[in-house]
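An overview of the molecular structure
One letter stands for each residue in the lines below.
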Amino acid sequence: MRKRERQPEGNYYDKYHTKNRIEKWLVRHFFRRCGQVLGQIQIENGTILEAGCGEGYFTKFLYGKYKGHAKLEAFDISRACVGQAKAACPGVCFRVGSIYEIPKGHKYGLVVASEVLEHMEDPARALGQLLGVCGRYLLVTVPNEPLWRILNMARGKYWRRLGNTPGHVQHWNKRTLRKLILEKGGGVKQRLLKLHRLVPG
């Protein structure tokens, strides 16, 4: 039986404040690509849900995109991370909660899970919860593997783990993520905007 890996609270490695030029470029590229996708989504007078918000870096990005046009809700299982996110994004409604137990009864115009599924022991169940509250659009981003592990090793990190970032228990690429979403979602193909193999993990 595989030993369950203890998940770090928030980002194990703070890629958002890195001084490494390559990593800084990757993070900028990540947000640029997400911005291109979100630019196609209009959520007038609607609500957005971010699952697994961590310290609120992507939450702040979403808030900047939709401020004045949509209400943004976000949650994370870590109370410490939610506290940090609240301080960074005071205009967002935060709560502590599990992706496996998303309250039903409300459909969100946009559901976001950015860099989350790679941490899930049961990603199919987590995705099912996201789809259960997704009214129109679902945006999922994950590290592109094996590229991310190769990049980790290139910067001299996690050699004993073959470049695997601590806390990553799933490894995705565009094909495997698309397969999971279409298998789990059934008719979700019509409301799935795009799948991305975005690099930062």
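Since this is a predicted model, take the numbers as computed values, not measurements.

**Here's the deal with the overall build of the protein chain**
- Assigned secondary structure in the protein chain consists of six helices and five strands.
- Secondary structure elements of the protein chain, listed N to C terminal, follow the sequence α-β-α-β-α-β-β-α-β-α-α.
- Residues counted as buried form 49% of the 201 residues belonging to the protein chain.
- Residue pairs in contact within the protein chain that sit at least 24 positions apart in sequence constitute 71% of those at least 6 positions apart.
- Carbon and sulfur atoms make up 52% of the accessible area of the protein chain, which totals about 10,800 Å².

**Quick word on the environment of Leu131**
- Relative to the assigned elements, Leu131 resides in helix H4 (residues 123–132).
- The sequence separation of Leu131 and Val111 amounts to 20 residues, and the corresponding C-alpha distance is 8.2 Å.

**Structural notes on helix H1 (residues 21–38)**
- A rise of 1.5 Å per residue sets the reference length of H1, with its 18 residues, at 26 Å; its end C-alpha atoms lie 26 Å apart and thus fit the reference within 8%.
- What H1 keeps buried is the set Glu23, Leu26, Val27, Phe30, Phe31, Cys34, Gly35, Val37 and Leu38.

**Things to note about the packing of H1 against helix H2 (residues 57–66)**
- Viewed as axis vectors pointing N to C, H1 and H2 meet at an angle of 40 degrees, and their least axial separation amounts to 12 Å. By the criterion of interaxial angle, the relationship of H1 to H2 is oblique. Every pair of crossing elements has a handedness; the one defined by H1 and H2 is right-handed. Judged by residue contacts, Phe30, Phe31, Cys34, Gly35 and Leu38 of H1 engage Tyr57, Phe58, Phe61, Leu62, Lys65 and Tyr66 from H2.

**Considering the nonpolar core**
- Counting 26 residues, the largest nonpolar core has Leu38, Ile43, Phe58, Tyr66, Phe94 and Leu110 as its most contacted members.
- Residue assignment for this core shows that the elements contributing at least two residues are H1, H2, strand S2 (70–76), helix H3 (79–88), strand S4 (108–114) and strand S5 (134–141).
- The leading source of residues in this core is H1, at six residues.
- Once residues within four sequence positions are removed from consideration, Ile43 is found in contact with Ile48, Tyr66, His69, Ala70, Gly109, Leu110 and Tyr137.
- Among the nonpolar cores identified, the runner-up in size contains 25 residues, and Tyr100, Ala126, Leu130 and Ile181 belong to it.

**Concerning the sheet that holds strand S3 (residues 93–96)**
- The sheet built from five strands is open, its strands ordered S3-S2-S1-S4-S5 with parallel pairing. Since the sheet does not close on itself, it has two edges, and those belong to S3 and S5, each with one partner. Between one strand axis and the next, the sheet turns through 20 degrees on average, direction left out of account.
- Two elements, strand S1 (residues 46–51) and S2, share six bridges in a ladder whose sense is parallel. Bridge assignment links Thr47 to a residue of S2, and that residue is Lys71.
- Docked against the sheet, H4 engages S1, S4 and S5, running at close to 140 degrees with respect to S5.

**A word on the packing of aromatic side chains**
- The tally for this structure, following the rule as stated, stands at five aromatic pairs.
- Between Phe30 and Phe31, the aromatic rings sit 5.2 Å apart at their centres with planes inclined by 75 degrees, giving edge-to-face as the arrangement.
- We classify Phe31 as buried; its relative accessible area is 18%.
- Between the aromatic rings of Phe31 and Phe61, the centroid separation amounts to 4.9 Å while the plane-to-plane angle is 55 degrees, which identifies the pairing as tilted.

**Here we look at the side chain of Glu73**
- Relative to the elements of secondary structure, Glu73 occurs in strand S2.
- For Glu73, a relative accessible area of 17% translates into the label buried.
- There is a polar contact of 2.7 Å between the side chain of Glu73 and the side chain of Tyr108.
- Beyond its immediate chain neighbours, meaning those up to four positions away, Glu73 contacts Ile48, Leu49, Glu50, Val92, Cys93 and Tyr108.

Reading the values: the criteria
Residues numbered from 1 in each chain as written. Predicted model: local features only at pLDDT ≥ 70, side-chain atom pairs only at ≥ 80, totals over all residues. Heavy atoms only, no water. Helix = DSSP H or I, 4+ residues; strand = E, 2+ residues; numbered from the N terminus. Buried < 20%, exposed > 50% of the residue type's maximum accessible area, 1.4 Å probe, protein only. Contact = heavy atoms within 4.5 Å. Areas by Shrake-Rupley, 256 points an atom, 1.4 Å probe, with all protein chains shown as cover. Expected span 1.5 Å × (residues − 1). Axes fitted to C-alpha atoms, helices over the stretch in contact; angles between N-to-C directions. Parallel < 35°, antiparallel > 145°, perpendicular 65-115°, else oblique. Left-handed = near helix turned anticlockwise from the far one by under 90°. Core = buried A, V, L, I, M, F, W, Y, C linked by side-chain atoms within 4.5 Å. Pairing = 2+ DSSP bridges. Phe/Tyr/Trp six-rings, centres within 6.5 Å; stacked < 30°, edge-to-face > 60°. Polar contact = N/O pair within 3.5 Å; in protein donor to acceptor, adjacent residues only side chain to side chain.

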